[in-house]
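A closer look at the structure
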Amino acid sequence: MKITDHIKQANGKTLFSFELIPPRKGKSIQELYNNIDPLMEFKPPFIDVTTSREEFVYIEKDGLLDKKVTRMRPGTIGICASIKHKYDVDTVPHVLCGGFTKEETEYMLVDCHYLGIHNLMALRGDAMREEQYFKPTPGGHEYALGLVEQVVEMNKGHYLNGMVETSDCSDFCIGVAGYPEKHLEAPSLKTDLKRLIQKVEAGADYVVTQMFFDNKKYFEFVDLVRAEGIDIPIIPGIKPIAVKRHLQLLPQVFKIDLPQELIESVESCKSNADVRQVGIEWAIQQSKELMEGGAPVLHYYSMGKSDNVKAIASELF
Ligand code: FAD
């Protein structure tokens, strides 16, 4: 079922969902199942699975582990199919521009269609570590907008190279990223908003936001989008702070602000367990307010470990 239909069916009730990262180095999927199992009691209508362009792996040379190489982290579509089958829940693969040609994307989408995956997040992807700016893959898309357009065309039965097949074609529901504190490369929130509107006008069906820690940013962002006449669901992304290092890392990587009160609470923690608890409590407060404010879904960035998301969901769903 499409994400937008799940939201319609919920009739104003806020839904619960979360995002998973494929296990490192193609390790057993059991690790993921162990993290999904405790969250299924909160009945997520959908689960996202990320795609990563960069994974560091060691290569073996003369019986020893030698220098690191990077490669695409495999598994997104396979994991989506496995989770869907095992838990009877919709899964949302994150489809990237970076690292893929348009042909490769088309193959991936055809696979998704065969596997009964009806939703996807269309994303550009970040710059690789050695790049200063995102460099499009030759034969791939430069911006998420191009990817949205490709999926929309495919939904009409229009494939690459002029191939047309209009019966039994895909009907993907398309999610795109939105940034309440603007995307890190955008010169201003206004410009970034324009880019988001282009994605919606091209056919995006819903938005999932970058993490934020001050709900005011989300509500203002929703107001700005609505003022442009756009009424598609805007799903807030929530990340519970889990380690002290997040205080530096999150603002640095995502160019987002952390409220002073949160910083002080985390800084005063004596142990990792205390930090995790502060993160849980902050996310619960954020979630309650977002629910009251009419957020259609609360989407948690679990980063692999579900104990904190379970603690949050237990209070809310
Ligand atoms: P775009 O919408 O293409 O925008 C990228 C930048 O280009 C923005 O600054 C925008 O303002 C600007 N822009 C857009 N169009 C134009 C144009 N025509 N001319 C000039 N500038 C333009 N990354 C991953 O690698 N894997 C994931 O699984 C993943 N999941 C994510 C999930 C969510 C909910 C979010 C919010 C982000 C996720 N990301 C993921 C990160 C995302 O890939 C990065 O934030 C990336 O840098 C931008 O992606 P985008 O789809 O927003 O890009």
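Presented here is an overview of the structure given in this document. The structure presented is a predicted model; accordingly, all values stated were derived computationally and were not measured.

1. Topic: the pattern of salt bridges
Considering all chains together, one arrives at 10 salt bridges under this definition. A salt bridge links Arg-276 to Asp-307, with the nearest nitrogen and oxygen atoms 2.7 Å apart. Here Asp-307 lies in helix α11 (residues 307–316) and Arg-276 lies in helix α10 (residues 272–292), a separation of 31 residues in the sequence.

2. What to know about the environment of Ile-29
Locating Ile-29 in the fold gives a position in the loop between β1 (15–20) and α2 (30–36). Ile-29 sits in the partly exposed class, given a relative accessible area of 24%. Sequence separation of Ile-29 and Ser-82 is 53 residues, and the distance between their C-alpha atoms is 8.9 Å. Each residue touching Ile-29, except ones within four places of it in the same chain, is listed here: Pro-23, Ile-79 and Ser-82.

3. A word on the sheet that holds strand β7 (residues 173–178)
On the basis of which strands lie adjacent, the closed barrel formed by eight strands has the order β1-β2-β5-β6-β7-β8-β9-β10 and parallel pairing. Adjacent strand axes in the sheet meet at a mean angle of 25 degrees when their direction is disregarded. The pairing of β7 with strand β8 (residues 206–211) spans four bridges and is parallel. Each bridged residue has a counterpart across the sheet, and for Gly-178 the counterpart in β8 is Thr-209. In the packing of helix α7 (residues 215–227) onto the sheet, the strands contacted are β7, β8 and β9 (234–238), and the crossing angle to β9 comes to about 160 degrees.

Criteria and cut-off values
Residues numbered from 1 in each chain as written. Predicted model: local features only at pLDDT ≥ 70, side-chain atom pairs only at ≥ 80, totals over all residues. Heavy atoms only, no water. Salt bridge = Lys/Arg side-chain N within 4 Å of Asp/Glu carboxyl O. Helix = DSSP H or I, 4+ residues; strand = E, 2+ residues; numbered from the N terminus. Buried < 20%, exposed > 50% of the residue type's maximum accessible area, 1.4 Å probe, protein only. Contact = heavy atoms within 4.5 Å. Pairing = 2+ DSSP bridges. Axes fitted to C-alpha atoms, helices over the stretch in contact; angles between N-to-C directions.

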